[in-house]
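Letter by letter, the chains look like this.
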Amino acid sequence: MSTIRIEVKTHYLAAQSAPDNGQYVFAYTITIHNDGAAEVQLLNRAWKITDADHKITRVAGDGVVGEQPKIAAGESYSYTSGTVLATPIGSMEGHYGMVDVNGTKFTVEIPSFRLAVPNILH
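All values derive from a computational prediction rather than experimental measurement.

A. Structural detail: the overall build of the protein chain. Scanning the protein chain from N- to C-terminus turns up 0 helices and 8 strands. Helices (α) and strands (β) of the protein chain occur, in sequence order from the N terminus, as β-β-β-β-β-β-β-β. Principal-axis analysis of the C-alpha atoms places the extent of the protein chain at approximately 50 × 25 × 20 Å. Sorting the 122 residues of the protein chain into buried and exposed places 41% on the buried side. Within the protein chain, contacts between residues separated by at least 24 positions form 64% of all contacts whose residues are at least 6 apart in sequence. Carbon together with sulfur atoms contributes 46% to the accessible area of the protein chain, which is approximately 6900 Å² in total. Each charge class in the protein chain was averaged separately, 9 positive and 12 negative side chains, and the resulting centres sit 3 Å apart.

B. Structural view of the pattern of salt bridges. Across all of its chains, the model carries 2 salt bridges by this definition. The residue R5 makes a salt bridge to D35 at a minimum N-O spacing of 2.8 Å. One end of the pair, R5, is in strand β1 (residues 4-12); the other, D35, is in the loop between β2 (24-34) and β3 (40-51), and 30 residues separate them in sequence. By relative accessible area, D35 is classed as partly exposed at 42%. Put simply, K9 and E7 hold a salt bridge, and the shortest N to O gap is 3.7 Å. Residue classification places K9 among the partly exposed positions, given a relative accessible area of 48%.

C. Molecular detail of the nonpolar core. If you look at the biggest cluster of nonpolar residues, it comprises 26 residues, and the most contacted ones within it are I32, W47, Y79, Y96 and M98. Every element with two or more residues in this core is listed here: β1, β2, β3, β6 (76-85), β7 (89-100) and β8 (105-116).

D. Here's a closer look at the pairing of β8. As paired strands, β7 and β8 are joined by 10 bridges and run antiparallel to one another. Across the sheet, the residue bridging to V99 is K105, located in β8. Taking the residues that link successive antiparallel strands as the turn, the β7-β8 hairpin has 4 residues, and the phi of G103 there is positive, at about 85°.

Calculation rules
- Residues numbered from 1 in each chain as written.
- Predicted model: local features only at pLDDT ≥ 70, side-chain atom pairs only at ≥ 80, totals over all residues.
- Heavy atoms only, no water.
- Helix = DSSP H or I, 4+ residues; strand = E, 2+ residues; numbered from the N terminus.
- Buried < 20%, exposed > 50% of the residue type's maximum accessible area, 1.4 Å probe, protein only.
- Contact = heavy atoms within 4.5 Å.
- Areas by Shrake-Rupley, 256 points an atom, 1.4 Å probe, with all protein chains shown as cover.
- Lys, Arg positive; Asp, Glu negative; His and termini not counted.
- Charge placed at Lys NZ, Arg CZ, Asp CG, Glu CD.
- Salt bridge = Lys/Arg side-chain N within 4 Å of Asp/Glu carboxyl O.
- Core = buried A, V, L, I, M, F, W, Y, C linked by side-chain atoms within 4.5 Å.
- Pairing = 2+ DSSP bridges.

Everything listed here is a matter of coordinates, which is why it stays silent on function.
This is how it looks when you write it as structure tokens:
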């Protein structure tokens, strides 16, 4: 089994948001590090997005940003995507479905991360 490490950075996109209309736009950049000894491929993803009102949105599909990247041993893959919340704070968590060079499918958990308008939390 490969050792996959997930790194997340989030950004609030104030210019694209409309707080008066309950629209808060966030970008997130995810870097998937393959710390294992063999190449892996990301096949699909599933997200659980929760806003401050506990409204849950689930998103799933093939690949990420239209790709099903292969990540060589010791390499990493980064992509940026986004989501819109109805509240100024929320969270995302999920998992990636992956496959190793032997055809063995496995799941990599994406730990929960916070989406928040800057300075909203004291």
